[in-house]
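# Remarks on the overall topology
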Amino acid sequence: MDDISKRPNAVPWPPLVLTVAATLSIALGYISPMSIPQNVAVRSVGYLSVVAGISLDVWAIITLNKAHTSVLPHRGASRLVTHGPFGFTRNPIYLGNTMLMGGIGLAFAAGWFAIMEIVSAFIVDRLAIRPEERHLAARFGKQWIDYASRVPRWLF
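### Digging into the confidence of the model for the protein
Taken over all residues, the pLDDT of the protein has a mean of 91, while the share at 70 or more is 93%. Predicted confidence in the protein is weakest over helix H1 (residues 13-31), with a mean pLDDT of 93, and strongest over helix H2 (residues 40-66), with 97.

Below, the structure written as structure tokens:
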């Protein structure tokens, strides 16, 4: 077993989970379509969620790159980043991915995306976020504890 202070996981779970969830959503949509009632408001919220999710992902990636720490979920953090999008959520990339999945569901009336949004968020929380938090606690100690006490894991 790897030392949690060196890296949170051996496998990059979040991109795998997101890819599987999106693929399952598409496949299940063909096998057993599950439509979301559509109107301009629902589609607009979906498109806004897609744009917001992608924007949050990009902002978080840029912030991590500027801080010279890894963006890869299976690599160890060299710095604790607490500014930018990390100032209001400890997991802006995972939140952005979740918003993207849900937005696709709303924008394209694809009910399976809405379901997989919840399932994938739960799985990422357990396979990636919790180990990442243990990693950050081991690496940064009190600095992590202080940050985690004032910034929510997701949004609340």
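Don't stop here, the text continues.
### Concerning empty space enclosed by the protein
Summed over the entire model, instances satisfying the criterion amount to one cavity of 30 Å³ or more. Estimated volume of the largest cavity: approximately 80 Å³. Along the walls of the largest cavity sit Pro14, Leu18, Tyr94, Asn97, Thr98, Met101, Ser120, Ala121, Val124 and Trp154, which together make up its complete lining. Elements represented by at least two residues in the lining of the largest cavity include exactly H1, helix H3 (92-107) and helix H4 (111-150). With four residues, H3 is the largest single contributor of residues to the lining of the largest cavity.

### Here we look at the packing of H2 against H3
It is the contact of H2 with H3, at a shortest axis distance of 7 Å, that shows an interaxial angle of 160 degrees. Compared by their axis directions, H2 and H3 come out roughly antiparallel. The two elements H2 and H3 meet at a crossing, and its hand is left-handed.

### Digging into the packing of aromatic side chains
In the structure shown here, the tally under the stated rule is three aromatic pairs. Centre to centre, the rings of tryptophan 59 and phenylalanine 88 are 6.1 Å apart; their planes meet at 35 degrees, and the pair counts as tilted. With a gap of 29 residues between them, tryptophan 59 in helix H2 and phenylalanine 88 in the loop between H2 and H3 connect regions that are remote in the sequence. Using a relative accessible area of 42% as the deciding quantity, one classes tryptophan 59 as partly exposed. Relative accessible area serves as the criterion here: at 37%, phenylalanine 88 is assigned to the partly exposed category.

### Comments concerning the layout of surface pockets
Its volume calculated, the largest pocket comes out at about 610 Å³. Surrounding the largest pocket, 33 residues form its lining, Leu64, Val71, Ile93, Tyr94 and Glu132 being those nearest its centre. For the lining of the largest pocket, the element with the most residues is H4, which contributes seven residues. Of the residues that constitute the lining of the largest pocket, the class distribution is 20 nonpolar, seven polar and six charged.

Thresholds applied
- Residues numbered from 1 in each chain as written.
- Predicted model: local features only at pLDDT ≥ 70, side-chain atom pairs only at ≥ 80, totals over all residues.
- Heavy atoms only, no water.
- pLDDT = per-residue confidence, 0-100.
- Helix = DSSP H or I, 4+ residues; strand = E, 2+ residues; numbered from the N terminus.
- 1 Å grid on protein atoms, 1.4 Å probe; cavity = no way out; pocket = protein on both sides within 12 Å on 5 of 7 lines; lining within 4 Å.
- Points joined across faces, edges and corners; volume = space filled by probe spheres on them.
- Axes fitted to C-alpha atoms, helices over the stretch in contact; angles between N-to-C directions.
- Parallel < 35°, antiparallel > 145°, perpendicular 65-115°, else oblique.
- Left-handed = near helix turned anticlockwise from the far one by under 90°.
- Phe/Tyr/Trp six-rings, centres within 6.5 Å; stacked < 30°, edge-to-face > 60°.
- Buried < 20%, exposed > 50% of the residue type's maximum accessible area, 1.4 Å probe, protein only.
- Nonpolar A, V, L, I, M, F, W, Y, C, P; charged D, E, K, R; others polar.

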